[in-house]
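# Chains, contacts and geometry: an overview
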Amino acid sequence: MIEKTYLITEKLLNNGLNVTQNLLELLNAESDKLKQTVDPDVISAIAANKKDLVVQLEQFTKQLGQVLATEQLAIGNDGIKTYLIKAKETGIDISETWNCWHRISKLAEKCRAVNEQNGASIALLSRHTQRSLQILRGKSPLAATYGPDGVTRNELFSHTLISV
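Residues numbered from 1 in each chain as written. Predicted model: local features only at pLDDT ≥ 70, side-chain atom pairs only at ≥ 80, totals over all residues. Heavy atoms only, no water.

## Digging into the overall build of the chain
Each helix and strand in the chain was counted, giving four helices and two strands. When the 164 residues of the chain are sorted by exposure, 29% land in the buried category. Expressed as a percentage of contacts within the chain between residues at least 6 apart in sequence, the contacts between residues at least 24 apart total 61%. Total accessible area on the chain stands at roughly 11200 Å², and carbon and sulfur atoms take up 54% of it. (Helix = DSSP H or I, 4+ residues; strand = E, 2+ residues; numbered from the N terminus. Buried < 20%, exposed > 50% of the residue type's maximum accessible area, 1.4 Å probe, protein only. Contact = heavy atoms within 4.5 Å. Areas by Shrake-Rupley, 256 points an atom, 1.4 Å probe, with all protein chains shown as cover.)

As structure tokens, then:
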């Protein structure tokens, strides 16, 4: 059966590689933009493009899962490896496909790391913006502190810089 599904798998993996590369490029562009003066419109456009690429990757994953299910293999990395080993055993040259899967895996790891960094940057920028707005409005930000019993408590700072 692998002989029938291999060409489909090969095309899926090539497409998945292209989408994963595009996602990493977009995440790196987002990272660069977050290091510069933040333009909300640019960040929103990047977010929309990321969403489109993630939808494409979800479709890729679903289709690849269907191929693996057809071959009665586990869905995931182990299933792909088993699939490729079985394909090799039938005489199919899997070198390029194996390399493609390996590159997808490595790119996905990089995407995850850059996305986490970008998320942390966005969270930091958001906290900074909220604090700035609280100061400008004259409201005291809440401070999370620990009491003598070790329980977290929110307390108001005792001083504000500006009051209305």
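## Concerning the pattern of salt bridges
Evaluation of the coordinates by the stated rule reveals one salt bridge. A salt bridge links Glu 30 to Lys 50, with the shortest nitrogen-to-oxygen separation between them at 3.1 Å. Placement of the pair is Glu 30 in helix H1 (residues 2-35) and Lys 50 in helix H2 (residues 40-70), with a sequence separation of 20 residues. As far as burial versus exposure is concerned, Glu 30 and Lys 50 are alike and both buried. (Salt bridge = Lys/Arg side-chain N within 4 Å of Asp/Glu carboxyl O.)

## Notes on the nonpolar core
By size, the foremost hydrophobic cluster in this structure holds 30 residues, and its most contacted members are Tyr 6, Phe 60, Tyr 83 and Trp 101. Taken together, the elements giving at least two residues each to this core come down to H1, H2, helix H3 (77-89) and helix H4 (95-137). The greatest single-element share of this core, amounting to ten residues, is contributed by H1. Each residue touching Phe 60, except ones within four places of it in the same chain, is listed here: Leu 12, Leu 13, Gly 16, Trp 101 and Ile 104. (Core = buried A, V, L, I, M, F, W, Y, C linked by side-chain atoms within 4.5 Å.)

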